[in-house]
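Remarks on the overall topology
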Amino acid sequence: MPEGPEIRRVADRLAAAVADTPLTRVWFARPDLEPQAAALEQSTVTGVRTKGKALLTEFSCGLTVYSHNQLYGRWYFTAAGERPQTRRQLRWLIETEDQAALLYSATDIAVLPTAEVVDHPFVARAGIDVLSERPSVDELAEYLSQPRFARRALGALLLDQSFVAGIGNYLRSEILFRAGLGPGVRLGDLGPSRRIALAKAIIEITERAYLTGGITNDAEFVRRLKAQGWSRGRYRHYVFGRAGESCHFCKTPIEKLTMASRRLYRCPYCQPPRDASAELD
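Presented here is a report on the structure given in the accompanying data block.

**Quick notes on the nonpolar core**
- With 40 residues, the main nonpolar core has Leu140, Leu144, Phe163, Ile175, Leu187, Leu198 and Ile202 as its most contacted residues.
- Elements represented by at least two residues in this core include exactly helix 4 (130-133), helix 5 (137-144), helix 6 (154-157), helix 7 (169-179), helix 8 (192-212) and strand 10 (262-266).
- Once residues lying within four places of it in the same chain are set aside, the contact partners of Phe163 are Gly127, Ile128, Tyr143, Leu144, Phe149, Leu157, Leu158 and Leu187.
- Of all hydrophobic cores here, the second largest spans 28 residues; its members include Val10, Ala11, Phe28 and Ile94.

In structure tokens, the structure reads:
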């Protein structure tokens, strides 16, 4: 499933393709949504926002289309009238005189009055989105100090979309590595400086993945490893997907674990197990 950075990049591309431009066609595969297509077709796209892994496409007529790719959804961008070679099913189409944006396979689509988007079940439940809300490190650290999160282990909490929206499996492993924290550590066991380190890692890794198209490793390591002939799959991350390979920093073999029913990777040396009964600072 695409994570927050990938959806934010799609939002940017969608806005570049169809925003502030007269539309020639809006079409939905679902019959219950098709009656609203005419109103959308007669308006323009005024903006494209994200809330975690959800895309919010706003129209000048006062409606917003909520879409979530879930596991299989994928956006394609083509010239107007063209269709990609794919066996996927088209679910939603937005077309201008020159360009088309097409959402395939996703089934979680809704058309809502823009003022009511905040009440959509996913949006209402979603936590802070660092790519759209742009909190500072101090603001995010303060958010992390809320008692409702305190008893949760970080390895599970980071996948909870009501905590920080947009974090998925690869970001989870990379954020924990960057913060130097084991997945079993509870958020409430972190002292102020550790909370700041975690907040900084969440912002830094998420923004880096957004800017680079999914690369979370340090730029210097990436440059060096590419020069050595490493493939993108091997130099892309600190730890994710690198079980048995050496940590870029300490050379300890990376471990693969399972937590919250999802695979997780960590460096045993850089992210040592800690006594969860003592505050970490």
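That covers the picture; the talk isn't over yet.
**Notes on the packing of helix 5 against helix 8**
- Interaxial distance between helix 5 and helix 8 falls to 8 Å at its minimum, and their mutual angle equals 115°. The two elements helix 5 and helix 8 cross, and the hand of that crossing is right-handed. The residues of helix 8 that touch helix 5, namely those facing Val137, Asp138, Leu140, Ala141 and Leu144, are Arg195, Ile196, Leu198, Ala199, Lys200, Ile202 and Ile203.
- Here the contact of helix 5 with helix 8 is built from residues that sort into 9 nonpolar, no polar and 3 charged.

**Focus: the packing of aromatic side chains**
- This structure, assessed with the given rule, holds 14 aromatic pairs.
- For the ring pair Tyr66 and Phe122, a centre distance of 6.3 Å and an interplane angle of 55° mean the geometry is tilted. Here Tyr66, found in strand 4 (residues 63-68), pairs with Phe122, found in helix 3 (residues 121-125); they are 56 residues apart in sequence, far enough to count as distant.
- By the ring-pair criterion, three or more aromatic residues cluster together here, those being Phe28, Trp75, Phe77 and Trp92.
- Here the basic side chain of Arg234 rests over the ring of Trp230, its NZ or CZ set 4.0 Å away from the ring centre.
- For the cation-ring pair, Arg236 lies above Tyr170, with the distance from its terminal atom to the ring centre recorded as 5.1 Å.

**Overview of the sheet that holds strand 7 (residues 99-104)**
- Read across the sheet, 4 strands follow the order 1-6-7-5 without closing on themselves; strand pairing throughout is antiparallel. Each edge of the open sheet carries a strand with a single partner, namely strand 1 (23-28) and strand 5 (74-79). Strand-to-strand twist of the sheet, defined as the mean angle between neighbouring strand axes without regard to direction, takes the value 15°.
- As judged from the 5 bridges shared by strand 6 (residues 90-96) and strand 7, these two strands associate in the antiparallel manner.

The rules we used
- Residues numbered from 1 in each chain as written.
- Predicted model: local features only at pLDDT ≥ 70, side-chain atom pairs only at ≥ 80, totals over all residues.
- Heavy atoms only, no water.
- Core = buried A, V, L, I, M, F, W, Y, C linked by side-chain atoms within 4.5 Å.
- Buried < 20%, exposed > 50% of the residue type's maximum accessible area, 1.4 Å probe, protein only.
- Helix = DSSP H or I, 4+ residues; strand = E, 2+ residues; numbered from the N terminus.
- Contact = heavy atoms within 4.5 Å.
- Axes fitted to C-alpha atoms, helices over the stretch in contact; angles between N-to-C directions.
- Left-handed = near helix turned anticlockwise from the far one by under 90°.
- Nonpolar A, V, L, I, M, F, W, Y, C, P; charged D, E, K, R; others polar.
- Phe/Tyr/Trp six-rings, centres within 6.5 Å; stacked < 30°, edge-to-face > 60°.
- Lys NZ or Arg CZ within 6 Å of the ring centre and 35° of its normal.
- Pairing = 2+ DSSP bridges.

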